[in-house]
Amino acid sequence: SALAVSSCVVFSTAQITPLTSDLILKAASLLSSSSLRGTDGSTSSERRTIPFVLDPVGAGLSALRLETCRKLVQLQPAIIKGNAAEIAALCNTRTEQQRGIDGDGSDAYTTAQRARDVGLANENCVVVVTGEVDYVVDHENISCVR
């Protein structure tokens, strides 16, 4: 079963990941981007080749959140799940309508296309853009989930 870990406890996840078959990292309680040093849980999961899910909570709200989430993306999560504003921030395409944590959700499909086009969604990573209608994106396809 998946183990959910907030980024504020990332130091201890290196000790926790041997106990699980997968990992969920939530960027909800960031203290500093230095928590991504070589002992973090995602690096441990990468070494063990277990999949992890990245939930880039509020990725576009501050430079710290965005920098930290981008570093976590470089560790090649199996799934990135976020709302349109969070995924757009990771793609460098946030619009004025995507302010705040949730934004207005009106451009979720466009964000899903952009995630595919910029390579955020790729052969090794599925991106889920959540909202009133969810979109699941891989390197070729965009599927709508109602």
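Everything in this summary refers to the structure shown in the same document. None of the values given here were measured: they were computed from a predicted structure.

Focus: helix H5 (residues 108-117)
Alright, step 1. For H5, the complete set of buried residues consists of Ala 108, Thr 111, Ala 112 and Ala 115. Down the axis of H5, the sector holding all buried residues measures 105 degrees, keeping them to one side.
Alright, step 2. In this structure, the buried residues of H5 make contact with helix H4 (84-90), strand S5 (126-130), strand S6 (134-137) and strand S7 (142-145).
Alright, step 3. One or two positions beyond H5, positive phi appears at Gly 119, with a value near 90 degrees.

Overview of the pattern of salt bridges
Where charged atoms of side chains with opposite charge meet at close range, the side chains can pair.
Alright, step 1. Scanning the model with the defined rule gives three salt bridges in all.
Alright, step 2. Notably, a salt bridge pairs Lys 81 with Asp 55, separated by 3.5 Å at the nearest N-O pair. A residue pair is termed long-range when its members are at least 10 positions apart, and Lys 81 in strand S4 (residues 79-83) and Asp 55 in strand S3 (residues 52-55) qualify at 26 residues.
Alright, step 3. Among the residues examined, Asp 55 registers a relative accessible area of 5% and is labelled buried.

Cut-offs applied
Residues numbered from 1 in each chain as written. Predicted model: local features only at pLDDT ≥ 70, side-chain atom pairs only at ≥ 80, totals over all residues. Heavy atoms only, no water. Buried < 20%, exposed > 50% of the residue type's maximum accessible area, 1.4 Å probe, protein only. Helix = DSSP H or I, 4+ residues; strand = E, 2+ residues; numbered from the N terminus. Arc of directions from axis to C-beta. Contact = heavy atoms within 4.5 Å. Salt bridge = Lys/Arg side-chain N within 4 Å of Asp/Glu carboxyl O.

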